[in-house]
Structure formats: structure tokens, C-alpha cells
Amino acid sequence: MTFPAWTTLFFSPCVTQAEEYPSSSGKAAQVPAASDRASAVPRSLDGGVKNEHIVVHGAVHDAQDHQPGGGLIRVQTGVRSISTVSQDFIGKQPPMATAFQLAAMLPGANVSTSDPMGFSPNTNISVRGLGGDSIGYVLEGMPLNDVAYSSGTPSQFADSENYQEIALSQGAADLDSPVLNAAGGLMKLSFRDPARKAGGDASVSYGSYNTNREFLRLDTGEIAHSGVRGFVSYSHGATDNWRGAGRDNKQHVDFKFLKEWGKGNRASLLGSFNTTITSWYPEPTMSSWKSDGIGGANNLLAHYDNSNQENGANYWRLWRDAERTLYGAAPIHLTLSDRLSLDVTPYAQMAYGNWPGGSTLSETGLYQGTQALSDTLNLPGAQDGTAVVRADYPQRSYRSGFTSALHYRSGWNDIVLGYWYDYGDDNEQQPFTAVQTNGSAADIWAQNGHDLIRLSDGGKLLGGSFHTISQTNALFVGDHMSLFHDRLAIDLGFKAVMFGYRGTNSLPGPQYRVGTDSFEPLPRLGVRWRIDNADQLFFNATTSFRAPDQTALYNTYDPSSGSVATSGTSDLRNEYSISEELGYRRTGRWIIGSLTLFNYNFTNRQISTQAVQNGSIISTTLNAGGQTSRGVDVEIGLRPWHHFSPYVSGEYLHATIDNNLMSGGDLLPTRGKVAVRSPTLQAAAGLSYDDGHFFGVATVRYTGHQYATFMNDERVSDHTTGDIAIGYRFGDRFHLHRPTLRMNFINITNEHYLSGVASPTLNAKDTTGVYGTTIAGSAPAYYIGGGFAALFTASTGF
């Protein structure tokens, strides 16, 4: 291929000898030759190299401030598309920004938020039109997906100051990743390593909506000449709801201890603890959005109205979510010989949360499951035999497991043999708490049984009670082949997954024990051809599956009538997908970029949605049948040039439903319709400036319209938002290292918009089915995007 002479300015090939790359200070910095780096860095299972840390010694500041695209892109050599966010970008964003918000600039990532500061759990991410429950979340080998719903809550993962990198694989997960639901890709999170010398970092923030946050991290340095070093961090944050009444509070702890010895041996202990109480943001229908916008009925009430039960049920204190999580893992890498190595990651997790809602309950005529009760309740504030109550939905889950992978390297082969085991124990109930005449309801955590509404026999009144045990056994084998001096890389892999649910529904009724088992074979193939030192082609074909949410197993009952509200099924149909990617990468002297074509074919496509169950809002899934998705991703980043680093990304997506969907006894004519949550066009652009003292980042994101129903009779309009960050780093002063002041401006145009689809439905309007019956419409619900916010942060190392 011949390029015009002017293209050499931006696309000059990398050379195999050490060469000079421009630093942001304008001075050249030596980096190792490509061949030296390739021989020194261990390879991952997808044929690429593991995270490569190149220390660039600049005149003013650290290597993390010299990343291409302002920290939104780096060199990739694997067989799959991967986009990354590094500390260069993370460190300039609002410190409470979640992993979803930090990844929002990457191609294919469509992030729906409800508040500008990142506290609210009312958030979601989709990648190439595939929702957040179709994405795997892994922190250094430990899965973070909810054990029951496969979703991720990014505000629980980690504090942004402790991330070294966030990597988003849009097409598929790694062969050894401990995830089942990753048809939409994999988000890999990695902690920074503890510093070798004792010290730390501290910051304070204050901004709009009475937001405040404090962060402190202490690095131990080497502990007593043991070779062990670690860090522990603590943060506290709080903010008012930006619309309506409510206030969020969060406390978070991260830690990591590391020991390295010998030739590549490495063992660490890491984890996170999070406790938070957040206020619900109501998710409006389209009609309520058009009539009230960000005000009126789309907000919870600031004061309790004991004269009107409908208003009383919308009192904000009845909708506070209380959650507590603890994650822990111990990744270990052992070099057993020159050819043999072992990776093992045991992990354990605990989570407890209550997702309540305001509701009303009759004092008589109640049912426990299908069993009529003779009890007469005496509820505060009852009017005509009905009272406002808090409908609790506590979930307590435990999870433990381990991954193991044995690598054997011989000649041009890197063979891996591995096993993953995962055990989950999830217990969910739906008790009720009495509401006093002033609107107070005891124990937001719903853990104190004395505060719950009790029956005459001492038992709790329950709208639901499920206990589920899940187990996963997965065997995998793969071979990474490096041929022709690594010009050609071939990855072959196979994963056999055995997965099962066993559960009990303890409410009286026709259902008690439930269960299902699955066996899924998951082959994969990947190829990467290095045309020269600057140009690459890659191709991969991957299979994936996911089981429906646990809620699909169980009957639920209306406590006022004893009727079955939803019917569980043991005939669960797993989603299965086949995806392909064909891509081109260019790694020039100045520009790094990629273009990726992708194709997906799904059967039994699982779509996450929400349902109101006895007053509580819960997650569940819809079976959307077959789906075909095709499109193209592109991203380009410039290495620092005169301290500037621009970045652009974009996606075109064409996702269609392959068949008509069953609704009642008829079929909706959905074949050929556009899939929900699948915007045709997305684009993002960022411009970073950093001279070592002054720095700034300006970003803008465009998201095209996306449908909220399978009949395409209601949709979210397109929207564009922009953010700005500016700051100044001082030189070292006394015992302070690089004190920094910065301002973040979020949604700078104060755009009022619907940021995404919270609860898609089959059809919003009454529709005539294939067999001629009228299928009633149901209104979807939406996320309202956060408004304008400003945040000031002062930080320093020491």
C-alpha cells in the first residue's frame, strides 16, 4: 500500500530499534524497542500482551501524563478489539466518577445515568446495544457481577483514584475470565500497585447540590524488609438529589497488598468494602416526561402527606436504597519453570441491600402466597382500612470461587489449561414496614425483624421469599500460537460450562422447589496478522451464553388477592450468541487508531427490564428471541503534540429483531424491527492539554435515538452532552508532592434529556397481533440524565 508523502507526518511506521517518542513536555523520551518489549512481556490468552507499563522519564511529571489520546487509547496487539482508559484521563475527571462514566468515551459504550455525580445506582451501560447485564465485570481476576441478576453497580467497585486502568473488550471476554454473561464484552478493572516507598494521597471536593467528598490513601512501602507492600484507602461522599428530594451518603474502603519475588512470582491480596444509602430517582414514562420534564410528578416528595396516601407513598424517605458489599481476592502468579507457570485467583464476596418503595397495604383480606389470612393488621395512619407502608426488598448474597490456569510454553505454542468454580447463595424476601404518621419507617436496612409487619403467629407478612443456590463449573483449554517471528498469531480456545440453579419458594402455593441445569460448549478462534511494525489485521469468532435472571424461576403472588402475579418457569432458555470481529489497527509515530467491523447472532436474546413487585421495583429479563447486530467501531488518538492529545471515537450499529414475539396468545409483528437500546449512531471527541502544570480536558458525546419498545412505537431522542475539566499542579512543596487544584464542569450546557431506557416493553401502543387480537400497550420507563454540576477538588501526594 502506498501513502502520499504527507501521511508520513502522522503514520510513519514504528521501527524495531529504540526510537524517540515526543513527550508532553516537548522533550524526547527513550522507550524500548518493539522486539525487546515483545520478548520481555508475558502474553495474555487472547494473543496480546498483558498490561505494559513503560516508564517515561519526563522533565516535569510522570509517565501516566504522557498517554495517547489523553489516556483514552493505547497500543493493542491482540486478536480482539479492546479500548482502555488510563490514569491520565481518570485523574482529571470528578473523583466520584464510576467505571461506567469513565468508559463513556469509548466506542460502543452508551452510558445512561441519573445524577451528574455518580452516586445513584439508577444507571446502566450498553455496549454495541447489549445491556449492562450482558457485560462481565472483573477486578484483577475476581467477578463483580450481581450473583442473581448479572448486572453491575459501578459505584460499589472501587474509588477512581485506585484504578490503574479500565479496559473494555467490546466483543468478547477472555477465555479465562470468570463470567457467564459477557456476550456484550468484558470490563476489566485493575488496581494500581502499592508504592515502594511509604506515603499517600489525599483530596477534598466540594460542589453543586451540596456535594462533598474526602479521600485518603496510605501506602505502607516495604513492610519490615519482607518484600510486602500495600495500600489502604478510605473515602466518604455525600450529595443532595439534583432533582427532587433526597440525599446520598457513601463510605468506601479499597486495599491491596503485594509481594513479588524471584522470576515473575507475584501474590496479592486486594478488595473493597462499600456502604451506601442512596435516594431513588423516579423513572418517568414518555407522557410524564413530556408533561413534567425534570419537575412535578417525576420527583419524590420532600414532605410526607398523611392526608393523601398516593402522595404519602411517594415520600422520598420510603425509597432510600441501603447497600453494603465486601469483595476480596488473592491473585497469585507462580513461575514454576522456564516453560511452566500457574495463575490462581480465589475470591469471596458478601452483599446485602434493601431496595424498598412506598406502597399501600390493606389491613384485612390479606394472603400469604395463595393462603388466605384471618389476621387484621393495626397499621398507623390507616384510612378506610388501607395504610401507607414501605415495601422492602432485602437481598442477601454470598459468593465464592476460584479460577486457575496452567500455562505451558514450548516453541511457538503457549498452551493453557484451566478450571473455574463459582458458588452463589442468594436470599431475597419482600417484607413490609409500617409507616408512622410523620412518614418515618424504622430500620432502612430491614434487618431488624421486630420492625417488620408481623402476623398473629409471629411470622412476617411476605410478598415473596426466594432462596437460590447457583453453581458454575467451567473447564477451558487454549493455545496461543506465535508464528513467523510473531507476524502471525493464532488463538484457539474451548470452554465447557456447566451451570445450575437450585432454589426454593417458601410462600404457600403450587411452587416450592425449582431448578435448572445447563451445559454449554463455547469454542473460539482468533487471528492477528502484523503487516509491518505499524499495521495489523485481526479477526475473531467467539461464542457466549447467559442464563435468565433468577426471578424467572419463581411465582410471585399478590398479598391482597392471593393470585399469581407472575409465573415462574423451569423451562429456562439460555441466550446463546456467535460473534465475529474483523479489524485493522494502525500504530504510527503520532497516531494510534483502529477500525473494527462486528457481527452478532443471538438466540433467546435476554433483555433486562424492571418490574413492580408488591410495591418494590425489581430487575428481571425478557426473552427477545433472535437478534442480529452488525456495525463498525472506530477510535483514533494522537500522541502528545505540543501538550495536546485529541481523541475521537464512533460507532454505527444496525441491530434487528429476527422473529415475531409472543404476547399472550398472539404474536407481535416485531420481525425486522430495530432492537431496543441500540442507537444507530454514537460519537465522542476529547481534547486534552497537559504541560505538567496546567492541564485541561474537554469532551463531548453524541448518542443517537434509541427505541424503548420491540414494536418501535416509542423511542428516546438523540442527545449531546459535554464536560470540561481544568486544573493546575504545583511543584513539590515541603512534604507535599504535586499539590493540585482542579475544577470539573459536568453537562456544561445543562441539557435536560432522557439518558436511556430503564424498562423496555413489547409495545407502548395497542397493537393488532399477527392473529388479529388487540395486544394492549405498556409504557416504558426512562432514565433522566443528570443536570449541570460543578465540582472543585484539591489533592496532593505526600
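Everything numeric here is computed off the predicted structure, so don't read it as measured data.

### A word on the overall build of the protein
Part 1 of the argument: Counting secondary structure elements, the protein contains 6 helices and 49 strands.
Part 2 of the argument: Residues classed as buried in the protein amount to 59% of the 798 residues present.
Part 3 of the argument: Within the structure as shown, the protein displays about 30700 Å² of accessible surface, and the carbon and sulfur contribution to it stands at 57%.

### Quick notes on the environment of D558
Part 1 of the argument: Locating D558 in the fold gives a position in the loop between β29 (556-557) and β30 (564-566).
Part 2 of the argument: Along the primary structure D558 and T370 are separated by 188 residues, whereas in three dimensions their C-alpha atoms are 8.4 Å apart.

### Observations concerning the packing of aromatic side chains
Part 1 of the argument: The tally for this structure, following the rule as stated, stands at 14 aromatic pairs.
Part 2 of the argument: Taking 5.7 Å as the distance between ring centres and 65° as the angle between the ring planes, the aromatic pair formed by F402 and Y419 counts as edge-to-face. With F402 in strand β22 (residues 394-410) and Y419 in strand β23 (residues 413-429), the pair connects residues that are 17 residues apart, well separated along the chain.
Part 3 of the argument: Both rings, one in F466 and one in Y554, keep their centres 4.5 Å apart while their planes meet at 15°; by these two values the pair is stacked. Residue F466 is located in strand β25 (residues 465-483), and its partner Y554 is located in the loop between β28 (535-546) and β29; the two are separated by 88 residues in the primary sequence. We note that F466, like Y554, is buried.
Part 4 of the argument: The rings of F100, Y137 and F157 are connected pair by pair, giving a single aromatic cluster.
Part 5 of the argument: The ring of F598 is capped by R128, whose NZ or CZ atom sits 4.2 Å from the centre of that ring.
Part 6 of the argument: Positioned above the aromatic ring of W445 is the side chain of R324, whose terminal nitrogen or guanidinium carbon lies 4.0 Å from the ring centre.

### Notes on unusual backbone geometry
Part 1 of the argument: Phi angles above zero are rare outside glycine, and H485 is one such case at about 55°.
Part 2 of the argument: For H485, the position within the fold is in the loop between β25 and β26 (488-505).
Part 3 of the argument: Phi angles above zero are rare outside glycine, and H642 is one such case at about 55°.
Part 4 of the argument: With respect to the secondary-structure elements, H642 resides in the loop between β35 (627-638) and β36 (644-657).
Part 5 of the argument: Residue H642 is classed as exposed on the basis of its relative accessible area of 57%.

### Considering the sheet that holds strand β18 (residues 357-362)
Part 1 of the argument: An order of β18-β21-β24 is seen for the 3 strands of this open sheet, with the pairing classed as antiparallel. The open sheet has two edge strands, β18 and β24 (432-434), and neither has a second partner. In this sheet, adjacent strand axes meet at a mean angle of 45° when their direction is disregarded.
Part 2 of the argument: As paired strands, β18 and strand β21 (residues 386-391) are joined by 6 bridges and run antiparallel to one another.

Conventions used here
Residues numbered from 1 in each chain as written. Predicted model: local features only at pLDDT ≥ 70, side-chain atom pairs only at ≥ 80, totals over all residues. Heavy atoms only, no water. Helix = DSSP H or I, 4+ residues; strand = E, 2+ residues; numbered from the N terminus. Buried < 20%, exposed > 50% of the residue type's maximum accessible area, 1.4 Å probe, protein only. Areas by Shrake-Rupley, 256 points an atom, 1.4 Å probe, with all protein chains shown as cover. Phe/Tyr/Trp six-rings, centres within 6.5 Å; stacked < 30°, edge-to-face > 60°. Lys NZ or Arg CZ within 6 Å of the ring centre and 35° of its normal. Pairing = 2+ DSSP bridges. Axes fitted to C-alpha atoms, helices over the stretch in contact; angles between N-to-C directions.

From the geometry alone we can't say anything about function, so treat these as descriptive.
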